[in-house]
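Here's the letter readout for the chains.
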Amino acid sequence: MLNESRSKNFIRNTSFGIGTQIVQTILPFISRTIFIHQLGASYLGIGGLFTSILSVLSLADLGLGSVVIYSLYKPVAENDNVKIASLIKFYKKIYNYIAGIVLVIGVALLPFLGFMINLPEELPHVRFYYILYVLNSSISYLYVYKTSLIRANQKNYIISLYTTVCNVLMNAVQIIGLIIVPNFTIYLVIQVAFTFIQNFLLSRRAEKMYQGQLMSKTFENSVEIESTEKRKIFSDAKAMLSYKVGGVLLNSIDSILISALVSTITVGFYSNYLTLENFLNK
């Protein structure tokens, strides 16, 4: 029965993963086409640049995502609720720290934006737009510790389903917003709102699915994991960090350099081609 369940989860994960990838590739292109017509290429370039900057800041998680899932596999397989509760509580603390670090470092980079933005005409409220991007990135780390339990149980299709539905709704609302009121602030506020909504809904789903690990006295009264295990987790994270650094250097640093040395508008068009290339490579 266990192997049968794993096979079903694998098929579901693969099917939903492909569907999610297609939706997350096609919808942004439609949204960006309307975005350019309504707001112009300068705003698209600003968005591409800020996304690249926040990708660099994502290194703050030290590659913990994969390590979290890996460390949960054994206690999940053994149904060790005490160990699961201790690990989840530890990851909750870590991810809250990461959200704070991303927010603080992101805001600290504000004085340096002028060196990275290269536009023919200065756009108003650029720093405010950047703050919204930083806030969106920081919010993305909230409740992740709960959804990691869904991944550890090999039910990624649930996350794919929620992600797809939220992305479809977000893009639809953004497109309608762009047509009715072409305003970049409203566009970004919608993005921040849906990032929070998606994470919140997934966390509630995780609570319902795993009440014994997340909503019981076992979780509230769980003891901290041993220092030796913490060191092992961070050691594994460091090994993942080199992989993450390579990905960031490959996909994000070049956009920042293009913006500073060539043109920020070019970054917007480059990000479109990069999205299509990443989709075709998967």
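Worth saying up front: this structure is predicted, and the values here are computed from it rather than measured.

Conventions adopted
Residues numbered from 1 in each chain as written. Predicted model: local features only at pLDDT ≥ 70, side-chain atom pairs only at ≥ 80, totals over all residues. Heavy atoms only, no water. Helix = DSSP H or I, 4+ residues; strand = E, 2+ residues; numbered from the N terminus. Buried < 20%, exposed > 50% of the residue type's maximum accessible area, 1.4 Å probe, protein only. Expected span 1.5 Å × (residues − 1). pLDDT = per-residue confidence, 0-100. Axes fitted to C-alpha atoms, helices over the stretch in contact; angles between N-to-C directions. Parallel < 35°, antiparallel > 145°, perpendicular 65-115°, else oblique. Left-handed = near helix turned anticlockwise from the far one by under 90°. Contact = heavy atoms within 4.5 Å. Nonpolar A, V, L, I, M, F, W, Y, C, P; charged D, E, K, R; others polar.

## Notes on the environment of Met240
And then number 1: The residue Met240 is located in helix H12 (residues 227-251) in this model.
And then number 2: Sequence separation of Met240 and Gly65 is 175 residues, and the distance between their C-alpha atoms is 9.3 Å.

## Details of helix H7 (residues 144-152)
And then number 1: Burial of H7 is extensive: seven of the nine residues sit out of reach of the surface.
And then number 2: When we look at burial in H7, the residues that qualify are Tyr145, Lys146, Thr147, Ser148, Leu149, Ile150 and Ala152.
And then number 3: After H7 finishes, the residue Gln154 shows a positive phi value of roughly 60°.

## Considering helix H3 (residues 64-77)
An α-helical turn contains 3.6 residues, so any two residues separated by three or four positions project in the same direction.
And then number 1: In a regular helix each residue adds 1.5 Å, so 14 residues correspond to 20 Å; H3 covers 20 Å between its end C-alpha atoms and thus fits that length.
And then number 2: Listed as buried for H3 are Leu64, Val67, Val68, Ile69, Ser71, Leu72, Pro75 and Val76.
And then number 3: One or two positions beyond H3, positive phi appears at Asn79, with a value near 55°.

## Observations concerning the confidence of the model for the chain
Should the pLDDT be low somewhere, the predicted coordinates at that spot are not to be read in detail.
And then number 1: Mean pLDDT over the chain works out to 82, with 80% of the residues at or above the 70 mark.
And then number 2: Within the chain, the lowest mean pLDDT, 58, falls on helix H11 (residues 217-220), and the highest, 95, falls on helix H6 (residues 126-139).

## Description of the packing of helix H2 (residues 41-57) against H6
And then number 1: Contact pair H2 / H6: the axes reach a minimum separation of 10 Å and the direction vectors enclose 45°. Overall, the two elements H2 and H6 adopt an arrangement that is oblique. For the pair H2 and H6, the crossing hand works out as right-handed. Contacts from Tyr43, Ile46, Gly47, Phe50, Thr51, Ile53 and Leu54 in H2 reach Val126, Tyr129, Tyr130, Tyr133, Val134 and Ser137 in H6.
And then number 2: A breakdown of the residues in the contact of H2 with H6 according to their chemical character gives ten nonpolar, three polar and no charged.

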